[in-house]
Number of protein chains: 2
Amino acid sequence: MSPTEDAASSMVTLADIAARAGVSMSTVSRALNRPGMLPAATEKHIRRIAAELGYRPNRAARALSTGQSDLVLVVVPDIANPFFPRLLRAAQRTLIDAGLYGVLVDTSDSPETETRLIREVARNTHGIINMSSRLVADDLIALSKEQPLALINREVPGVPGILLDAEAGIQAGLERLVDLGHRRFAYVRGPAVSWSNRRREEAVRGYLARDTTLGLVTVDPGDSTFDGGVLAAESVAVSGVTAVQVFDDVMAQGVIHGLLTLGLRIPEDISVLGCDGTLAPSIRGTLATVALDYEEAGALAARTLIQLRRGVEVPQPHIRVPGSFLPGTTIVQAPSPQEVTGVDSRADVPAGADSPLAATDR
Amino acid sequence: MSPTEDAASSMVTLADIAARAGVSMSTVSRALNRPGMLPAATEKHIRRIAAELGYRPNRAARALSTGQSDLVLVVVPDIANPFFPRLLRAAQRTLIDAGLYGVLVDTSDSPETETRLIREVARNTHGIINMSSRLVADDLIALSKEQPLALINREVPGVPGILLDAEAGIQAGLERLVDLGHRRFAYVRGPAVSWSNRRREEAVRGYLARDTTLGLVTVDPGDSTFDGGVLAAESVAVSGVTAVQVFDDVMAQGVIHGLLTLGLRIPEDISVLGCDGTLAPSIRGTLATVALDYEEAGALAARTLIQLRRGVEVPQPHIRVPGSFLPGTTIVQAPSPQEVTGVDSRADVPAGADSPLAATDR
DNA sequence: ATGAAAGCGCTAACAG
DNA sequence: CTGTTAGCGCTTTCAT
């Protein structure tokens, strides 16, 4: 059979059912939307007829009447960034199960576009799931006062947020590295504006601070891409570290590529730890990384939003979904001590061609 | 400023503008929706007031009145499959520019779910973009009679479709391989149901048929994943080929992994050519592949749908968007002839552990 | 327990 | 050229 009813039956209206059942429209409406309000017999009768006729509510009419849409705006800076698809999938499935529909909007990483599109689209939605928003906190707070708003990877006071927190995974990875004899580490940064980046650097810094014999160098590439990683590799190479934690997997691939090009061996000379687990399904068993629970986080965001739509106060506004260490072949025993070179300048230096020098900062 | 108007002003209605402008609602409606119908002066005046008040149309009301929604259903088998995000992004941007909104639905690769969700959601949308649909042709034909329908990677008679056609890229890649001295090739298949897979195999077969000295072996893994690729590697290894075209990049990574595990060298012993270019932004410069133009295809699908919504007959129902060969380090000179082993069984054999034997089929 | 009726915001005849 | 009017399909008082 055809996947939708034919044109005629898809236009079945409450009035049609009412006529057929010999009751009024309001009765039909009640039977369908307020289970238990009517005598069980009539309710069942009406529901049967509705089913027979293949009735599907006209959402626009309902929205107009109630002033409440079943549309949820889902905002993403870049759908093609492998960080988002699994989140989207989980959120979308949860929404569908609740009878809600997600309108997907890609903001091209631009706060202006984000503002414009939200303003344009949000008029006709009820609820927003905003992933890795590029807006400033104040805008998000203001937005959350107009409409239910659930954030992903933003920690804004008073606004519910789901946080994909790599800390535990990063620290487990670092622990493994320390056990393997590594003492000098680099962290290659991601986008400065990103909550994830700040959080990850904190995690690295926090873990290494436990032991004063451990050293950290941070590298600030211009660009959080594969190419940025390639560039960052120069700084990593001269920094004398034996292990590097990179902001995400794509950059980590760039770092590896860059290090190999510079004549270093991976992992013999330098161990590399990525983050996100986005490449795992495609290129398994190579890059050690931190796997994030996208399914859980996406579903949580949707569930939070559904609560907010219902007017339920969300008790715990910020939920952290922990990531876990995913071993790989890019991590091995630290090279023997005499091969390790120390560095001791102090300021962070961008990994540009001119100043390919990284610096210790603790 | 806040990204949306405040609650009060976001509820500005046509009547408000009419009152403020001292005209009737219909005049306002005309000024806003039928540019040029009114005297330029009044139109401008009304538009100014509307802008001042921060008017945003209530789409539900408009939909109810016109019987036409500005929602477009976008159906995808699996958002997390890297084949789709860039298509989605392009389609979504084109839709937004046309004032339309995409409701995203993921069918979990299941035709049943696809049918159910389309039936449920399509009632309230006008137009469907269906990517790599799992439905049978008849269902799609039926669906296209109820609502504008644009397909991606499905070739269904009478239904407009955009086809990401890897043929040209595959053939350019094969040509390169032939120039490098390769004579015996394998094709590792993707999902049997997939249009892409059939088309790609055809492309390989068609190209190699030009020269009777060229041989082809096909391998049928159980599963179109990284692991399927690993399994397929066994058959590839024993087939005596020196070059292999794999259905897609993810499987190609699996094949490479499998071949390496079996002790073969890549690319010295076997050259590998992937397809899709999905891994290119993350792992550049390694896998030779066929880059597809997702941006063009996604935009074309959206534009086609927009035409259909306007009642415009689409002249050329099936548009092929050609892919192009993307060189990589997995392709080199064929090993010297004496190293090459021939195979000459004839039937396709699944690449299972029990029968790790591939077969020549032309 | 059920029906009648008003109205959500907008569009589209139909008048003037 | 512009205003009046009647719905679109549904929910929701308010009566009965």
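Fair warning: this is a prediction, and the values are worked out from it, not measured in the lab.

This part covers the protein's contact with DNA strand D. In the vicinity of DNA strand D lie 25 residues, with Arg-34 and Tyr-55 of chain A together with Ser-26, Thr-27 and Arg-30 of chain B positioned nearest. The sugar-phosphate share of atoms of DNA strand D within 4 Å of the protein amounts to 57%. Between DNA strand D and Thr-13 of chain A there is a distance of 2.7 Å, counted from a phosphate oxygen to a side-chain nitrogen or oxygen. Take Ser-65 of chain B: an N or O atom from its main chain is 3.2 Å from a base oxygen of DNA strand D. When residues of the surface near DNA strand D are traced back to their parent elements, those giving at least two are helix H3 (25-33) and helix H5 (59-66) of chain A together with helix H3 (25-33) and helix H5 (59-66) of chain B. In terms of residue count, H3 of chain A provides more of the surface near DNA strand D than any other element does, five residues in total. A breakdown of the residues in the surface near DNA strand D according to their chemical character gives nine nonpolar, 12 polar and four charged.

What follows covers the pattern of salt bridges. Residue and element names in this part refer to chain A. Taken as a whole and assessed by the stated rule, the structure comprises 40 salt bridges over all chains. Linking Arg-59 and Asp-70 is a salt bridge whose minimum nitrogen-to-oxygen distance equals 2.7 Å. Here Arg-59, found in helix H5, pairs with Asp-70, found in the loop between H5 and strand S1 (71-76); they are 11 residues apart in sequence, far enough to count as distant. For Arg-59, a relative accessible area of 21% gives the class partly exposed.

To continue, consider the protein's contact with DNA strand C. The environment of DNA strand C is formed by 26 residues, the closest being Thr-27 and Arg-30 of chain A together with Leu-14, Arg-34 and Tyr-55 of chain B. Restricting the count to atoms of DNA strand C within 4 Å of the protein gives a sugar and phosphate share of 62%. The contact in question runs from a phosphate oxygen of DNA strand C to an N or O atom on the side chain of Thr-13 of chain B, over 2.7 Å. Contact between DNA strand C and Ser-29 of chain B: a phosphate oxygen at 2.9 Å from a side-chain N or O atom of the residue. Among the secondary structure elements, those contributing two or more residues to the surface near DNA strand C are H3 and H5 of chain A together with H3 and H5 of chain B. A per-element tally of the surface near DNA strand C places H3 of chain B first, with five residues. For the surface near DNA strand C, the class distribution of residues is nine nonpolar, 13 polar and four charged.

Another aspect to go through is the UniProt feature "domain: HTH lacI-type" (unreviewed entry) in chain A. Here the UniProt feature "domain: HTH lacI-type" (unreviewed entry) sits at residues 12-66 of chain A. Its end C-alpha atoms 20 Å apart, residues 12-66 of chain A is made of 71% helix and 0% strand.

For any two helices packed against each other, the geometry is given by the interaxial angle and the distance between the axes. Residues and elements named next belong to chain A. Between helix H6 (residues 85-97) and helix H13 (residues 294-309), the shortest axis-to-axis distance is 7 Å and the interhelical angle comes to 40°. Of the possible angle classes, the one that applies to H6 and H13 is oblique. Between H6 and H13 lies a crossing of right-handed hand. Together, Arg-86, Leu-87, Arg-89, Ala-90, Ala-91, Thr-94 and Leu-95 of H6 and Tyr-294, Glu-295, Ala-297, Gly-298, Ala-299, Ala-302, Arg-303 and Ile-306 of H13 make up the contact between the two elements. By residue class, the composition of the contact of H6 with H13 is nine nonpolar, two polar and four charged.

Residues and elements named next belong to chain B. When the terminal C-alpha atoms of helix H6 (residues 85-97) are compared, their 18 Å separation across 13 residues agrees well with the 18 Å that a helix rising 1.5 Å per residue should span. H6 sits mainly inside the fold: 10 of its 13 residues count as buried. Buried within H6 we find Pro-85, Leu-87, Leu-88, Arg-89, Ala-90, Ala-91, Gln-92, Thr-94, Leu-95 and Ile-96.

Taken together, the contacts link 59 residues of chain B with 59 residues of chain A. Taken together, chain B and chain A are joined by 18 residue pairs in polar contact (both at pLDDT 80 or more). Those elements giving two or more residues to the side of chain B that touches chain A turn out to be H5, H6, strand S2 (101-106), helix H7 (111-121), helix H8 (137-146), helix H11 (226-239) and helix H12 (249-261) of chain B. For the side of chain B that touches chain A, the residue count by class is 31 nonpolar, 12 polar and 16 charged.

Once chain B has been moved 0.1 Å along the axis and rotated by 180°, it coincides with chain A to within an RMSD of 0.2 Å. Here the two chains are linked by the operation of a two-fold rotation axis.

Further remarks concern the environment of Asn-33 of chain B. All names here are of chain B. The residue Asn-33 is located in helix H3 in this model. The class for Asn-33 is partly exposed, based on a relative accessible area of 36%. Here the alpha-carbon distance between Asn-33 and Ile-152, two residues 119 residues apart in the chain, equals 32 Å.

Below, the discussion takes up helix H10 (residues 195-208) of chain B. Residue and element names in this part refer to chain B. Relative to the 20 Å expected for 14 residues at 1.5 Å per residue, H10 spans 20 Å between its end C-alpha atoms, a close match to the ideal helical length. Taken across its 14 residues, H10 has 10 buried, putting it largely inside the fold. Turning to H10, its buried residues are Trp-195, Ser-196, Asn-197, Arg-199, Arg-200, Glu-201, Ala-203, Val-204, Tyr-207 and Leu-208. On its buried face, H10 sits against strand S5 (161-165), helix H9 (167-179), strand S6 (184-188), strand S7 (215-219), strand S8 (243-246) and strand S11 (318-322). Where H10 begins, the capping side chain belongs to Ser-194, and its oxygen is found 3.1 Å from the backbone nitrogen of Ser-196.

Glancing now at the packing of aromatic side chains. Residue and element names in this part refer to chain A. Applying the stated rule across the entire model yields four aromatic pairs over all chains. Ring geometry for Phe-83 versus Tyr-294: centroids 5.5 Å apart, planes at 85°, classification edge-to-face. Of this pair, Phe-83 sits in the loop between S1 and H6 while Tyr-294 sits in helix H13, and the two are 211 residues apart along the sequence. Its relative accessible area of 7% is what places Phe-83 among the buried residues. Each member of the aromatic cluster is reached from another via a ring pair, and the members are Phe-83, Phe-84 and Tyr-294.

With that out of the way, let us pick up the packing of H5 of chain A against H5 of chain B. Viewed as axis vectors pointing N to C, H5 of chain A and H5 of chain B meet at an angle of 130°, and their least axial separation amounts to 8 Å. Taken as axis vectors, H5 of chain A and H5 of chain B run oblique relative to one another. Like other packed secondary-structure pairs, H5 of chain A and H5 of chain B cross with a definite hand, here left-handed. Residue-level contacts link Ala-60, Ala-61, Ala-63 and Leu-64 of chain A of H5 of chain A to Ala-60, Ala-61, Ala-63 and Leu-64 of chain B of H5 of chain B. A class-by-class count of the residues in the contact of H5 of chain A with H5 of chain B yields eight nonpolar, no polar and no charged.

Right, let's get into the confidence of the model for chain A. Residue and element names in this part refer to chain A. When pLDDT is averaged across chain A, the result is 87; 88% of the residues are at 70 or more. Averaged pLDDT values over the elements of chain A bottom out at 28 in strand S13 (residues 359-360) and peak at 98 in strand S3 (residues 128-131). Across residues 1-9, where pLDDT falls below 50, the model places 22 contacts with residues more than four positions away in sequence or in other chains. Residue range residues 339-362 is modelled with pLDDT below 50. Its contacts to residues more than four positions away, or to other chains, number 67 contacts.

Counting 136 residues, the largest nonpolar core has Met-131 and Val-272 of chain A together with Met-131 of chain B as its most contacted members. Residues within four places of Met-131 of chain B in sequence aside, it is in contact with Val-74, Val-75, Val-76, Pro-77, Phe-84, Leu-87, Leu-88, Ala-91 and Ile-152 of chain B. Of all hydrophobic cores here, the second largest spans 38 residues; its members include Ile-118 and Val-121 of chain A together with Leu-143 and Val-159 of chain B.

Bringing unusual backbone geometry into the picture now. Here the bond from Ile-266 of chain A into Pro-267 of chain A is cis, since omega is 5°, no more than 30 degrees from zero. Within the secondary structure layout, Pro-267 of chain A lies in the loop between helix H12 (249-261) and strand S9 (271-273). Located in the positive-phi region is Asp-276 of chain B, a residue other than glycine, with phi close to 120°. Among the secondary structure elements, Asp-276 of chain B is positioned in the loop between strand S9 (271-273) and strand S10 (289-291). The class of Asp-276 of chain B is buried, set by a relative accessible area of 5%.

Parameters and conventions
Residues numbered from 1 in each chain as written. Chains lettered and ligands numbered in written order. Predicted model: local features only at pLDDT ≥ 70, side-chain atom pairs only at ≥ 80, totals over all residues. Heavy atoms only, no water. Near = heavy atom within 4 Å. Polar contact = N/O pair within 3.5 Å; in protein donor to acceptor, adjacent residues only side chain to side chain. Helix = DSSP H or I, 4+ residues; strand = E, 2+ residues; numbered from the N terminus. Nonpolar A, V, L, I, M, F, W, Y, C, P; charged D, E, K, R; others polar. Salt bridge = Lys/Arg side-chain N within 4 Å of Asp/Glu carboxyl O. Buried < 20%, exposed > 50% of the residue type's maximum accessible area, 1.4 Å probe, protein only. UniProt positions renumbered as here; feature names shortened; annotations may be inferred. Axes fitted to C-alpha atoms, helices over the stretch in contact; angles between N-to-C directions. Parallel < 35°, antiparallel > 145°, perpendicular 65-115°, else oblique. Left-handed = near helix turned anticlockwise from the far one by under 90°. Contact = heavy atoms within 4.5 Å. Expected span 1.5 Å × (residues − 1). Least-squares fit on C-alpha atoms with pLDDT ≥ 70 in both. Phe/Tyr/Trp six-rings, centres within 6.5 Å; stacked < 30°, edge-to-face > 60°. pLDDT = per-residue confidence, 0-100. Core = buried A, V, L, I, M, F, W, Y, C linked by side-chain atoms within 4.5 Å.

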